[in-house]
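Residues per chain, in single letters:
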Amino acid sequence: MVVDPKHAAVNGRKRSQRSQTSPTSHHDVADELRARIRSGQLRAGQRMPTQATLADEFGVERGAVRQALRILQSEHLLTNVSKGSPATVAADLGLGRALSGPGAPPQPTMVALAPRIADAFAAPHVEIDALCLTSVSLTLAIGEPLRRIHEGRLKPAKVDVRVLLPSRDIELAFPTPVDPSADGRLQRRWLAQRNAQGQVLRHNLQALRATHGIDVNVTFRALPFTPPVKLYLLNGMEALFAYYTLTRREEEVDHEHLEMYDAEGTQSMLFAFAQGAGLRDTTFVEQSHLWFNALWETISSELVLTS
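This write-up is about the structure you can find in this document.

Calculation criteria
Residues numbered from 1 in each chain as written. Predicted model: local features only at pLDDT ≥ 70, side-chain atom pairs only at ≥ 80, totals over all residues. Heavy atoms only, no water. Helix = DSSP H or I, 4+ residues; strand = E, 2+ residues; numbered from the N terminus. Buried < 20%, exposed > 50% of the residue type's maximum accessible area, 1.4 Å probe, protein only. Contact = heavy atoms within 4.5 Å. Areas by Shrake-Rupley, 256 points an atom, 1.4 Å probe, with all protein chains shown as cover. Axes fitted to C-alpha atoms, helices over the stretch in contact; angles between N-to-C directions. Parallel < 35°, antiparallel > 145°, perpendicular 65-115°, else oblique. Left-handed = near helix turned anticlockwise from the far one by under 90°. Nonpolar A, V, L, I, M, F, W, Y, C, P; charged D, E, K, R; others polar. Polar contact = N/O pair within 3.5 Å; in protein donor to acceptor, adjacent residues only side chain to side chain.

### Some words on the overall build of the chain
- Counting its regular elements, the chain contains eight helices and 13 strands.
- Here the chain holds 307 residues, and the buried ones make up 50% of them.
- For the chain, the share of sequence-separated contacts (at least 6 apart) that also reach a separation of at least 24 residues comes to 73%.
- Here the chain has roughly 14,700 Å² of accessible surface; of this, 50% comes from carbon and sulfur atoms.

### Quick look at the packing of helix α2 (residues 26-39) against helix α4 (residues 62-74)
- At a closest axis distance of 8 Å, the pairing of α2 and α4 adopts a crossing angle of 50°. In terms of axis orientation, α2 runs oblique to α4. As α2 packs across α4, the resulting crossing turns out to be right-handed. Between α2, through H26, H27, V29, A30, L33, R34 and I37, and α4, the contact on the second element is made entirely by A64, Q67, A68, L69, I71 and L72.
- Among the residues making up the contact of α2 with α4, the classes are represented as nine nonpolar, three polar and one charged.

### Considerations on the packing of helix α5 (residues 109-120) against helix α6 (residues 136-151)
- It is at 8 Å that the axes of α5 and α6 come closest, and there the two elements cross at 40°. Relative to α6, the element α5 lies oblique. Once α5 is placed against α6, the crossing between them reads as right-handed. Touching T109, M110, L113, A114, I117, A118 and D119 of α5 are S137, L138, L140, A141, I142, E144, P145 and R148, all from α6.
- Of the residues that constitute the contact of α5 with α6, the class distribution is ten nonpolar, two polar and three charged.

### Focus: the side chain of T139
- Along the chain, the position of T139 falls in helix α6.
- Among the polar contacts made by the side chain of T139, one reaches the main-chain carbonyl oxygen of S135 at a distance of 2.8 Å.
- Residues contacting T139, with those up to four places away along its chain left out, are Q197, V200 and L201.

Following this line, the structure appears as structure tokens:
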């Protein structure tokens, strides 16, 4: 979308030339607003025009504007995207690196997950689906939006979290001892960790009901297999995906050194895909939701976080 500078009103009061000559899609709106942000017409921390103003400027429905704003939020260019108030240009634009889409570099889960979870909590209705081995990374990442909520910087109205974890009733593919004759210490340690992390995650989120009046629902279900990958789905707009890469290592378990095959999930390289960032990304996000929901609704079972 090419807009003559005299029509590229930062305050949104002049309608763009393109909107008067040909149909404009939400991708066109996102492209134009992205260009304004990157050019400095819309500055870091600046409040955006209202959705109604942008809809009038571009000659589109508000729904198209919302889709465009969500694309930019998924790219870390906007924050506080909701129906109720104007979005804000991100304070830390990070324009030197692509955070989602085909050019996005993968980052370790410990680095990449917390800021994406925190941005997801800027929505009025937060929806997070996770498939993982223990939920350690998710529990750690949730700490950042919780801190912002307690600081008064975020206040979603509703938070729904669904987590798929391996069942206690299966024999895990990993972690597993190198010596197959070893006893079940690794399985017991994993189960204790799974339960403890899940309980902390649920407690910290549900506490928001009492402290901030936020409607919170946290649900766990059990998988009949060991997932070779981890997946996080954020607000229907993003999919974060990583492989569990196995290594052989030695670790002390119950005061005895034990050789095992295991994966360090917090260091797994996380790949980011964003709805609206191109056909590849959009399809991956949509298919990831279909896959997660199929597991949730078919072969998963009730999970109780006790030993």
